[in-house]
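# Summary of structural features
The primary structure of each chain is shown beneath.
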Amino acid sequence: MKKIFSFFRLVMNFIKRCVSWYFGLYRNAKWYKKLLLGGASFFVFFMLFLGAIDVNFLWLFGKSPSMDNIANPIQAEASEIYSADGVVMGKFFRENRSPVGYKDISPILIQTLVCTEDERFYGHFGIDVQGLFSATKDVFSGKKRGASTITQQLVKNMFKVRSQYSKGLFGYIPGMSLVIMKFKEWISAVKIEMRYDKDQIITMYLNTVDFGSNAYGIKTASRTYFQTSPRKLNYEQSATLVGLLKATSYYNPRINPKNSLSRRNVVLGNMLSHGHITKTQYDSLCALPIDLKYEVESNYDGKALYFRDAVFNSVRDTLKSLGYDIYSDGLKIYTSLDSRLQMYAENAVVKKMRSLQRTFNRHWENANPWQNEAHQEIPGFIENIAKHGDYYRFLDKKFKRNADSIDYYMNLPHKMKVFEYQRIGDRDTTGRVDTVLSTMDSIRHMVKFMHCSFVAIEPQTGLVKAWVGDVDFSSWKYDKVTAKRQPGSTFKIFDYTEAMKQGYSPCDEREDSYIAWEVWDKGRRVNWAPHNADGYFSGQTFSLKAAFARSLNSIAVKISQEVGVPNINRTAHDMGIKSPLNDTVPATCLGASDVSLLELVNSYCTVINEGVTHEPVLVTKIVDRDGKVIYKAPKTDRQVLDYEVAFLMREMLRGGLTEVEGTTAALWSYIHPVLGETDFGGKTGTSSNHSDAWFVGITPKLVAGCWVGGEYRCIHFRSGELGQGSRTALPVFGYFVQDALQDPALAEYRGKFGKPKRKISREYNCQRYFRTTMEEDSLSADSASVSADAGALDVLTE
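Residues numbered from 1 in each chain as written. Predicted model: local features only at pLDDT ≥ 70, side-chain atom pairs only at ≥ 80, totals over all residues. Heavy atoms only, no water.

## Some details on the sheet that holds strand β1 (residues 79–82)
Read across the open sheet, the five strands follow the order β2-β1-β3-β15-β16; overall the sheet is mixed. Where the open sheet ends on each side, the last strands, each with one partner, are β2 (88–92) and β16 (629–632). Here the average twist between neighbouring strands, direction ignored, is 20 degrees. On the sheet, helix α13 (residues 305–322) packs against β1, β2, β3 (332–335), β15 (619–623) and β16 and is oriented at approximately 50 degrees with respect to β2. (Pairing = 2+ DSSP bridges. Helix = DSSP H or I, 4+ residues; strand = E, 2+ residues; numbered from the N terminus. Axes fitted to C-alpha atoms, helices over the stretch in contact; angles between N-to-C directions. Contact = heavy atoms within 4.5 Å.)

Pasting the structure below:
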C-alpha cells in the first residue's frame, strides 16, 4: 500500500511541474501563439484524457474493452440441438440469438438500417463528428436527438460498457459516470473501425441488436415477426424491424400496431429521401398493412421436448466441467435422435392412447378410478394431490392456513386450459382446450388420463432414435421413459438368459403346475405361491421357449428357483439394468423391482447385439461456436453374454410370435405389410392389478419398448382383458414399425436376423406349431398376479 501512495505522489509531482512549465510558457507568449498553444494543449489534453480512460489510469475510470476483446468478442448465442438427420430440433438460450453472415442478409435491410440509424456510416471512423455538432446545435435549440453511430451502438450491444465494465473512482461522482461511459464508447468504436471493415461491422450489429420479444439478432427477429429469413426480408418488413430499434416496446407491431405502422412509414420515407425507392414505391408500400406472423420462440419450442430435457441432463455436468454454458455459448449439440422415427413414435403413441383413453373412460363410466385393491375409492386422494400443488401452497400462505378460505378458492370455477385429445383431419393429436373448472375439478380431470412412454434404440450402436416421455409435454413434464415402475413379465428375459448361461436349452421342458417358494415375510416364514395370468395350471409340459412365449409364471418361477435370483439379478445388471434389484425377494423374477423403460429396452438390445451391451447414447458430439469438437460420445462396448446365449434368447423372443398362444401374437396384425423384409419378436408384461403394461419389440436394426399406465399406480383398468401389455403397449410398437418400416427413407432399418454366425450346440427350433396366420389383439391375458399365504407378499406382476 505504501508503494502505491509513493507512486501516486511521484505522478502528482510530475503533473504539477508540467502544469507550472506550461503556464509559464503561456504567460510570456503573444496572443496568436496563446491561441495556437491553447488549441494544441486542448487536443493533447483530450487525447491524454482518452488514453487515461482506455488504460484506466490509477483506477480512476474503470476497465474498458481491450483490443483483444475487440478482436475476439464473446456474445451470448443460443445453443442448437440437431437430430441425426440434420434437423434443428430446438435451442437452449437466455438471449435467443443465432448469428448470420453478411451474404445471408438482405441488401434492402442494410440500406434501410443505414438510412435510418447512421446515414454517414460509410464515411466516418466510428464517431460521426458532423452528427455530434448537429446534435449539439439541436440541444441548444430545444430539440433532442442522438448522435450515436452504428459502431457505437454495436459497442453498447456487444460489450455493454455501461453495465459489465467497472466505472472507476470518478464514476461515483454524479454526472461523471455517463461522460466516462460515452468516451469509452467512442474509444471502443474507433478500435472496432480499426479492426473490422464496414460489412463486418454492420453484420455484427445486426447479429447483436435486441429487436424485442426476446428476439436477439436479425435471424431470430425475422423468424419471430415474419417467419422468414434475413435474406428474404422485403422493404416493408425491413422498415418495420429497423423502426423497432428506436423503442422495442413502443414500436412493437404486436403490442402497438398503430405506432409500428407509423414508424415503418417514417423509415420508408428515409429510404425515399436517400433515393433507394421511388415515390410510387413509397406510396404503395405505405398503403400496405403490416403482415405480421408473430411467434415468439422459447426453450420449449421445437421437437422431441422430453428427449431434449434428457439431453440437457446428460450433458450439463460435462459442459460445466469443460467451462461451457449451454445457454449462452452457441454450441451445436448433435444427437442420436432421428426426426422421422421420432415423428412416427409420437404419432403411434397419440393414435393408441386416444382410443385407449376412450376405452378407459367407458370402463369406469361415472366411477372414480382411484381405488384400492378392494375396489373402494381412496379417501382424500384428490385432496392430497391438491395439497402438493403451487396454488394450494399460495392460498395456504395467503390465508394463514384457514381451511374454509382455501377450500372456497380451490373449488371456485375459473377459466383455464386443460389437456384433451383432438382429431385434426385424419390425424390424432393432443392439445389444451379452454374450459371453466375449479382447481379441484381440474385435478380430477387430469388424473383420469392414462399415460405412455416409448423409446427406440439401435442395438448395434446404442443410439437412441426415438424418445416419447409422455402423451403431452405441456401438460405432464415428468418423463416416463426414465420413470421406474414394475416391469412385469418383460423381466423374464433375465430369468431365461441366466438359464441359458447355466446350460439350459430353449427345448428343455418343465411342467405347468403349482409351485410354492418358502420365504420370510415380516419376520415369519410363508409360502409364496404365484399363479398364471388365467389363474389356472394346465398340468401340461412345455418347452422353455413355449413357456416364455406364453408367459407362464409357474415355469418362470421354477427356472428362477433352479438358477437363483441373485444370479438372475447379476445378469440383469450386466445386460443394462441400473436400478437396484432385491436378491432376497423371489417375486423379483416376475418383475417386482422397479426399473425404467430406458434401461429395460437397452438390456434387450444386448441380446440383439450378440451379447454386447452399450450405454444408451443421446448425444454423439458437441461443437463450440468456433467449430471445435469439445465432446464425443465415448465407446462403452462390453461383451456380457456369450454369442450362443444371446442367439438362443433372440430365438426365444421371436417365439412370442411363432408359438401357439404366444402373448406377442397380436403383433401380426400390424407387421404384415413389412414381414417380407423384416423379422420381429418381443415380450409383453403387466404388473399387479394391471397398473403397468409393457411391451418390448425387437427387429435386427431397432429395439423399441413402450410403457402404459396411470400417473398413480392406483389408477388402472380392472381387468387383464383391457389392461394387459398386449392390449395397451404392444399396439404402440405395432403402429410405430408399421409406419417407419414402410417409409422408403428409412429402409436401412429393415432386415432379417439370418442364420447363426457360429455353430449352436443346443437345440432351439422346437416349437410344435408355427403360426403363419395374422391374429387380432385378442389373445390370452398377459397379466400376472401373485398370492402368498396369509396375504403376504402381495406385490406382484405377470
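## Quick notes on the packing of helix α19 (residues 492–501) against helix α22 (residues 565–575)
Their axes nearest at 9 Å, the elements α19 and α22 cross at an angle of 100 degrees. One element, α19, and the other, α22, form an angle in the roughly perpendicular class. Taking contact as the criterion, the partners of F494, D495, T497, E498 and K501 in α19 are, on α22, N567, I568, T571, A572, D574 and M575. Grouping the amino acids of the contact of α19 with α22 by side-chain chemistry returns four nonpolar, three polar and four charged. (Parallel < 35°, antiparallel > 145°, perpendicular 65-115°, else oblique. Nonpolar A, V, L, I, M, F, W, Y, C, P; charged D, E, K, R; others polar.)

## Some words on the side chain of E458
Of note, E458 is situated in the loop between β6 (450–457) and β7 (464–468). This buried residue, E458, is left without a salt bridge; K465 holds the nearest opposite charge, at 4.0 Å. If we skip the residues at most four places from it in the chain, E458 touches L463, K465, K701, L702 and Y749. (Buried < 20%, exposed > 50% of the residue type's maximum accessible area, 1.4 Å probe, protein only. Lys, Arg positive; Asp, Glu negative; His and termini not counted. Salt bridge = Lys/Arg side-chain N within 4 Å of Asp/Glu carboxyl O.)

## Looking at the environment of V645
Within the element layout of this structure, V645 appears in helix α24 (residues 643–658). Spatially, the C-alpha atoms of V645 and G503 are 8.9 Å apart, while their sequence positions differ by 142 residues. Contacts of V645, omitting those with residues within four sequence positions, involve T497, M500, K501 and R762.

## Describing the nonpolar core
Counting 149 residues, the largest nonpolar core has F454, W467, Y496 and F736 as the members making the most contacts within it. Among the elements that line this core, the one with the most residues is helix α14 (residues 339–364), at 10 residues. Setting aside its immediate chain neighbours within four residues, F736 contacts L341, Y344, A345, A348, F454, A456, L702 and A704. Grouped together as the second largest cluster of nonpolar side chains are 39 residues, L109, L113, I150 and F211 included. (Core = buried A, V, L, I, M, F, W, Y, C linked by side-chain atoms within 4.5 Å.)

## Brief notes about the pattern of salt bridges
By the definition in use, this model includes 31 salt bridges. Put simply, E498 and K501 hold a salt bridge, and the shortest N to O gap is 3.7 Å. With a gap of three residues between them, E498 and K501 both fall in helix α19, about one helical turn apart. Using a relative accessible area of 6% as the deciding quantity, one classes E498 as buried. When its relative accessible area of 38% is taken as the criterion, K501 is described as partly exposed. Here E651 makes a salt bridge to R654, at a shortest N to O gap of 3.4 Å. With a gap of three residues between them, E651 and R654 both fall in helix α24, about one helical turn apart. You can call R654 partly exposed: its relative accessible area is 23%. One salt-bridge network, held together by shared partners, links R650, E651, R654, D679 and K752.

## Describing the packing of aromatic side chains
On inspection of all chains with the given rule, the structure shows 30 aromatic pairs. Between F312 and Y327, the aromatic rings sit 5.8 Å apart at their centres with planes inclined by 50 degrees, giving tilted as the arrangement. Remark: Y327 occurs in the loop between α13 and β3 and F312 occurs in helix α13; sequence separation between them is 15 residues. F312 gets classed as buried once you look at its relative accessible area, which sits at 15%. Centroid distance Y408 to Y409: 5.0 Å. Interplanar angle 85 degrees. Geometry classified as edge-to-face. With relative accessibility at 30%, the residue Y409 sits in the partly exposed group. Three or more aromatic residues joined by ring pairs form one cluster here, namely F419, Y421, F449 and W476. Here the guanidinium or amino end of R263 rests over the ring plane of Y251, the centre of that ring lying 5.8 Å away. (Phe/Tyr/Trp six-rings, centres within 6.5 Å; stacked < 30°, edge-to-face > 60°. Lys NZ or Arg CZ within 6 Å of the ring centre and 35° of its normal.)

## Brief notes about empty space enclosed by the protein
Tallying each qualifying case throughout the model produces two cavities of 30 Å³ or more. Each pocket or cavity is described by its volume, and for the largest cavity that value is around 50 Å³. Taken together, W364, P369, Q371, N372, E373, H375, C714, H716 and R718 form the lining of the largest cavity. Taken together, the residues of the lining of the largest cavity break down into three nonpolar, four polar and two charged. When its volume is computed, the second largest cavity comes out at roughly 30 Å³. The wall of the second largest cavity is formed by M450, H690, A693, V708, G709, F717, G723 and T728. (1 Å grid on protein atoms, 1.4 Å probe; cavity = no way out; pocket = protein on both sides within 12 Å on 5 of 7 lines; lining within 4 Å. Points joined across faces, edges and corners; volume = space filled by probe spheres on them.)

## Overview of unusual backbone geometry
Unlike most non-glycine residues, E365 shows phi in positive territory, near 50 degrees. Following the sequence through the fold, E365 ends up in the loop between α14 and α15 (381–387). Using a relative accessible area of 67% as the deciding quantity, one classes E365 as exposed. For E610, which is not glycine, the phi torsion reads 60 degrees and is therefore positive. Residue placement: E610 occurs in the loop between α23 (597–608) and β14 (612–613). E610 gets classed as partly exposed once you look at its relative accessible area, which sits at 31%.

## Some remarks on the sheet that holds strand β18 (residues 681–686)
Backbone hydrogen bonds hold the strands of a sheet together, and the pairing may be parallel or antiparallel. Here we have five strands laid out as an open sheet, ordered β7-β6-β20-β19-β18, and antiparallel in their pairing. In this open sheet, the two edge strands, each paired with only one partner strand, are β7 and β18. Taken pair by pair, the neighbouring strands of this sheet meet at an average axis angle of 10 degrees, ignoring direction. When β18 meets strand β19 (residues 692–698), the two strands line up antiparallel, connected through six bridges. In the strand pairing of β19, T686 is matched with A693. Packed onto the sheet, helix α28 (residues 730–740) meets β6, β18, β19 and β20 (703–710) and runs at close to 45 degrees relative to β6.

## Side note on α13
The terminal C-alpha atoms of α13, which comprises 18 residues, lie 25 Å apart, in line with the 26 Å expected from a rise of 1.5 Å per residue. Along α13, the sharpest change in direction is near 40 degrees and occurs at V315. Taken together, the buried positions of α13 are L305, Y306, F307, R308, A310, V311, F312, V315 and L319. Each element contacted by the buried residues of α13 is listed here: β1, β2, β3, β7, β15 and β16. Immediately downstream of α13, the backbone of G323 shows phi near 85 degrees, a positive value. (Expected span 1.5 Å × (residues − 1). Bend = angle between axes of the 7 residues up to and from the residue.)

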